[in-house]
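# Summary of the model geometry
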Amino acid sequence: MEKILEVKNLSVSFKTFFGEVEAVRDISFNVGKSETVAIVGESGCGKSVTANSIMQLLPMPPAFFKNGEIIFDGNNLLKKSDKEMQAIRGNEISMVFQDPMTSLNPTMKIGKQIVEGLVKHRKLSKEEARKKAIEMLNLVAVPQPEKRINQYPHEFSGGMRQRVMIALAMVSAPKLLIADEPTTALDVTVQAQILELMREIQQKLDMSIILITHDLGIVADMSDRVIVMYAGQIVEEGTTEEIFKNTKHPYTKKLLASVPRLDMSREEPLHSIEGTPPDLYIPPKGCSFYDRCDYALKVCKNHIPEFDNHSGTHQSRCWLNHPMAKVAEGSEA
Ligand code: SF4
Ligand code: MG
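Predicted model only: the values in this text are computed from it and were never measured. (Residues numbered from 1 in each chain as written. Chains lettered and ligands numbered in written order. Predicted model: local features only at pLDDT ≥ 70, side-chain atom pairs only at ≥ 80, totals over all residues.)

## Considerations on the packing of helix H6 (residues 158-170) against helix H7 (residues 188-205)
Contact geometry for H6 and H7: axes closest at 10 Å, N-to-C directions at 15°. In this view, H6 runs roughly parallel relative to H7, as classed from their interaxial angle. The interaxial crossing formed by H6 with H7 has right-handed handedness. Where H6 approaches H7, its residues Gly 159, Gln 162, Arg 163, Ile 166 and Met 170 are matched on the opposing element by Val 190, Ile 194, Leu 197, Met 198 and Ile 201. For the contact of H6 with H7, the class distribution of residues is seven nonpolar, two polar and one charged. (Axes fitted to C-alpha atoms, helices over the stretch in contact; angles between N-to-C directions. Helix = DSSP H or I, 4+ residues; strand = E, 2+ residues; numbered from the N terminus. Parallel < 35°, antiparallel > 145°, perpendicular 65-115°, else oblique. Left-handed = near helix turned anticlockwise from the far one by under 90°. Contact = placed C-beta atoms within 7 Å. Nonpolar A, V, L, I, M, F, W, Y, C, P; charged D, E, K, R; others polar.)

## A word on the site of ligand 1
Around ligand 1 sit 13 residues, and of these Cys 287, Cys 293, Ala 296, Cys 300 and Cys 318 come closest. Here the residues of the shell around ligand 1 sort into 13 nonpolar, no polar and no charged. (Near = placed C-beta within 6 Å.)

## What about unusual backbone geometry?
Cis geometry marks the peptide bond from Met 60 to Pro 61, where omega comes out at -20°. As for its placement among the helices and strands, Pro 61 is situated in the loop between helix H1 (47-55) and strand E4 (63-72). Residues Pro 61 and Pro 62 are joined by a peptide bond in cis, for which omega reads 10°. In this structure, Pro 62 sits in the loop between H1 and E4. Positive phi, close to 65°, is recorded for Ser 34, a residue that is not glycine. One non-glycine residue, Ala 231, adopts positive backbone phi at about 50°. With respect to the element layout, Ala 231 can be found in the loop between strand E9 (225-230) and strand E10 (233-239).

## Things to note about the domain arrangement of the chain
Examined at the domain level, the chain breaks down into domain 1 (3-92 + 172-330) and domain 2 (102-171). Computed from C-alpha atoms alone, the centre-to-centre distance between domain 1 and domain 2 is 31 Å. Each side of the interface is counted separately: domain 1 has 13 residues, and domain 2 has 13 residues. Broken down by element, the residue count for the side of domain 1 that touches domain 2 peaks at five residues, all from H7. (Domains from an automatic or database assignment.)

## What to know about the nonpolar core
One broad rule of soluble globular proteins: the nonpolar side chains tend to lie buried together. Ile 210 and Val 228 are the most contacted members of the largest nonpolar core, which totals 85 residues. There are two domains that each give this core at least three residues, and those are domain 1 (3-92 + 172-330) and domain 2 (102-171). In this structure, Val 228 is in contact with Val 40, Gly 41, Ile 234, Val 235, Glu 236, Glu 237, His 249, Tyr 251, Thr 252 and Leu 255, ignoring residues within four places of it in sequence. (Core = buried A, V, L, I, M, F, W, Y, C linked by C-beta atoms within 7 Å. Buried ≥ 20, exposed ≤ 12 C-beta atoms within 10 Å, placed from the backbone.)

## Digging into the confidence of the model for the chain
On average, residues of the chain score 89 in pLDDT, and 96% of them are at 70 or above. Reported for the predicted complex are a pTM of 0.89 and an ipTM of 0.95. (pLDDT = per-residue confidence, 0-100.)

## Quick look at the packing of helix H3 (residues 110-122) against H6
Packing of H3 against H6 leaves a shortest axis separation of 9 Å and a crossing angle of 15°. Relative to H6, the element H3 is oriented roughly parallel. Judged by the sense of rotation from one axis to the other, the crossing of H3 with H6 is right-handed. Here H3 contributes Ile 110, Gln 113, Ile 114 and Gly 117 to the contact with H6, which in turn contributes Val 164, Ala 167 and Leu 168. Partitioned by chemical class, the residues of the contact of H3 with H6 number five nonpolar, two polar and no charged.

## A word on the sheet that holds strand E7 (residues 176-180)
Read across the sheet, eight strands follow the order E6-E7-E8-E3-E9-E10-E12-E11 without closing on themselves; strand pairing throughout is mixed. Each of the sheet's edge strands pairs with one partner strand only, and the pair in question is strand E6 (93-96) and strand E11 (307-309). Between one strand axis and the next, the sheet turns by 20° as a mean value, whatever way the strands run. Sheet topology places E11 next to strand E12 (residues 315-317); three bridges connect them, and they run antiparallel. By the bridge assignment for E12, Phe 307 is matched with Arg 317. Strand contacts of H1: strand E3 (36-40), E6, E7, strand E8 (208-212) and E9, with the helix running at about 145° to E7, the strand carrying the most contacts. Most of the contacts of H6 go to E6, to which it runs at about 170°, and overall it touches E6 and E7. (Pairing = 2+ DSSP bridges.)

Next comes the structure, spelled out in structure tokens:
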């Protein structure tokens, strides 16, 4: 598969008064053309930092790139100037957030916001852009677009604002869309409509999507592949089927067990994951999940687990059943 994005050995830290927080630690992954890759994990695991690193939207300082490359369409984004990044953002890569107000301008009619984007990115005349804006609002199923382009963001409901933001993100026909918890604030019905919409637009534009969410139902529904992050690291990666049906990492297992199922009886307890992730001021020497893992071995405490390949597409970072576990443990003696 042709790759649109390659993240290689990326490490991102934040300098704080109390020291350095290693928010993302040596992660590598690819996104293929037209592919949807989900990044999942608890809050604070580094999902959003990863997304914002690709877009270079992190405040620098306190954030800084310690290591790595982000290759988009053949170019390392970390070597781009602010000006070059500005041209890529909202053009070749777009982002949608949980809160549409972060990307909509509250003081500007939504039609004008879309028209300006179209004039800038697609070099349309104002007249053509206006027609296109109405077409795009139609595409994202905003009713009466001719009327609504003359309204301000606050005149829209939450779900409608989310649609407008998606329309705005599509203005440039981006090659990559990064969606960070795009539907978390919406009720389930609207959520399903918005996700369906993203999928339709993806097919029309042949676009790749990075979907960041903690909602595993959405992941199962939308994604081709899944990346599971824990404490700033990737702990498991595979096709959606491999992750759900052949789960390997103890953390992924717990994450899946914490999802409510439709066939669950009311008496059945919902498993939340006990304990808290480690403090990333002082990342653990061994496996980050050690304190919360039911399967922890002696080797796990002091040795960072290596990736174990289960198939060409499926790998997990865990010592359990790892062929090198004995060797690592022996090296301690
Ligand atoms: Fe658990 Fe050890 Fe695997 Fe970490 S490496 S997840 S502690 S078994
Ligand atoms: Mg987040």
